[in-house]
Amino acid sequence: LLVGATQRACGAGLPTRRASPEATELAARAVSLVASSLSVLLLYGLLSRLTGPHTALWATAAFSLLPVRAELSVQVLSESTYLLFVLAGACLWLSSLDADGRLWRALAAGATMGAAYLARPEGLLAGGVLALGMVWLGRGSGRRALWTALAYTAAMLLCVVPYVLWLHARTGQWALSGKTIDFF
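Anyway, here's the lowdown on the structure attached to this text. On a predicted model such as this, the values are computed, not experimentally measured, just so you know. (Residues numbered from 1 in each chain as written. Predicted model: local features only at pLDDT ≥ 70, side-chain atom pairs only at ≥ 80, totals over all residues. Heavy atoms only, no water.)

1. Concerning the pattern of salt bridges
A side chain of one charge can pair with a side chain of the opposite charge when the charged atoms of the two come close. As a reminder, the rule being used: In what follows, salt bridge is the name for a side-chain nitrogen of Lys or Arg lying within 4 Å of a carboxyl oxygen of Asp or Glu. Whether a residue is buried, partly exposed or exposed follows from its accessible area with a 1.4 Å probe, protein chains only, as a fraction of its type maximum: under 20%, in between, or over 50%, in that order.
For the structure shown, the criterion picks out three salt bridges. Note that Arg 120 is salt-bridged to Glu 122, the shortest N-O span being 3.3 Å. Classification of Arg 120 as buried rests on a relative accessible area of 18%. Its relative accessible area of 37% is what places Glu 122 among the partly exposed residues.

Right, dumping it as structure tokens:
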């Protein structure tokens, strides 16, 4: 979806003509680069809240200088997009744990982790761990923590279930990922 939106924004995938493979690859590289760059900012924000700004700065700098991260940031793979959604979901999840946290933060965190699943199936596991953590670490009454976790899970499932149903309709098999299904 992000690659298609980038193609349309650049005028490469207009309805009157098909985008060339080169334009598709360029759009995918642009999405990976932007996602990777935004991930650095989200990592700093998350770590500064958990460890303080000084430690967060050093950890984010070390992460930014990893050669594999620089290589993945311009490849046509889903790692950068997945990392962006996981970090955004974790930031929203952490803010939803506050005693005065609003329910919309849990909904946004769940939807963001659902988007992480759509980028990579491992997002479902990460999202499930955060849902359990929401109940375990939830501040306030136990009932409020449970409602927050349910809202988070419902938002995540709103992203997951349509894809799983589409996979089932397309293949006749129940699966969480299309990676292992033979479509043809």
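2. Focus: helix α3 (residues 53-64)
Just so we agree on the cut-off: Where helices and strands are cited, they refer to DSSP runs of H or I of at least four residues and of E of at least two residues respectively, numbered from the N terminus. Every helix has an expected span of 1.5 Å times one less than the residues it contains. The arc refers to the directions leading from the helix axis to the C-beta atoms. Contacts are assigned to residue pairs with any non-hydrogen atoms lying within 4.5 Å of each other.
Here α3 spans 16 Å end to end across twelve residues, near enough to the 16 Å set by a 1.5 Å rise per residue. Among all positions in α3, only Ala 56, Thr 60 and Phe 63 are buried. For α3, the buried positions fall inside an angular range of 55 degrees around the axis, keeping them on one side. Facing away from the buried side of α3 by over 90 degrees, the exposed positions are His 54, Leu 57 and Trp 58. In this structure, the buried residues of α3 make contact with α2 (21-51), α4 (67-72) and α5 (79-96).

3. Some thoughts on the side chain of Ser 80
Position of Ser 80 among the secondary structure elements: in helix α5. In this structure Ser 80 comes out as buried when scored by relative accessible area, which is 5%. Those residues in contact with Ser 80 that lie beyond four places of it in its chain are Ser 32, Ala 35, Ser 36, Ser 39, Leu 72 and Ser 73.

4. Overview of a nonpolar patch on the surface
Formally: Patch definition: residues above 30% relative accessible area lacking any salt bridge, with like charges linked at up to 9 Å and the nonpolar side chains Val, Leu, Ile, Met, Phe, Trp and Tyr linked at up to 5 Å. All accessible-area figures derive from a Shrake-Rupley calculation using a 1.4 Å probe, and residue coverage is judged against the displayed protein chains alone.
Nonpolar side chains collect at one region of the surface, where Val 135, Leu 146, Trp 147 and Leu 150 lie side by side and expose about 410 Å² of accessible area between them. Per-element tally for the nonpolar patch: the top contributor is helix α8 (residues 142-171), with three residues. Tracing the sequence through the fold places Val 135 in helix α7 (residues 122-137). Classification of Val 135 as partly exposed rests on a relative accessible area of 43%.

5. Focus: the packing of α5 against helix α6 (residues 103-119)
Put simply, the rule is: In this analysis, axes come from line fits to C-alpha atoms, helices being fitted only over the stretch in contact, and the angle between any two N-to-C directions falls in the range 0 to 180 degrees. For classification purposes, an angle smaller than 35 degrees is called roughly parallel, one larger than 145 roughly antiparallel, one from 65 to 115 roughly perpendicular, and anything else oblique. The hand of a helix crossing depends on one turn: near helix anticlockwise from the far one by less than a right angle means left-handed, and clockwise means right-handed.
It is the contact of α5 with α6, at a shortest axis distance of 8 Å, that shows an interaxial angle of 160 degrees. It follows from the interaxial angle that α5 and α6 lie roughly antiparallel. At the point where α5 passes α6, the crossing takes the left-handed sense. Here Thr 81, Tyr 82, Phe 85, Val 86, Ala 88, Gly 89, Leu 92, Trp 93, Ser 95 and Ser 96 of α5 come into contact with α6, specifically with Arg 105, Ala 106, Ala 108, Ala 109, Thr 112, Met 113, Ala 115, Ala 116 and Ala 119.

6. Quick look at the layout of surface pockets
Stated precisely, the cut-off is as follows: A pocket, in this scheme, is an open set of points on a 1 Å grid over the protein atoms alone with protein on both sides within 12 Å along at least 5 of 7 lines, while a cavity is a set where a 1.4 Å probe fits but cannot get out; residues line either one if an atom lies within 4 Å of a point. Grid points are joined across faces, edges and corners, and a volume is the space filled by probe spheres set on the points. Classification used: nonpolar for Ala, Val, Leu, Ile, Met, Phe, Trp, Tyr, Cys and Pro, charged for Asp, Glu, Lys and Arg, polar for all others including Gly.
Looking at the second largest pocket, its volume works out to about 150 Å³. In this structure, the second largest pocket is lined by Ser 78, Tyr 117, Leu 118, Ala 119, Arg 120, Pro 121, Tyr 163, Leu 176, Ser 177, Gly 178 and Lys 179. When residues in the lining of the second largest pocket are grouped by element, the largest group, three residues, is from α6. Within the lining of the second largest pocket, the residues separate by chemical class into six nonpolar, three polar and two charged.

7. As for the nonpolar core
Filter applied, for reference: The set of buried Ala, Val, Leu, Ile, Met, Phe, Trp, Tyr and Cys residues whose side-chain atoms join them within 4.5 Å is what this entry labels a nonpolar core.
Ranked by size, the top nonpolar core spans 26 residues in total, and within it Trp 93, Met 113, Met 134 and Tyr 152 carry the most contacts. Elements that contribute at least two residues to this core include exactly α2, α3, α5, α6, α7 and α8. With six residues, the top contributor of residues to this core is α5.

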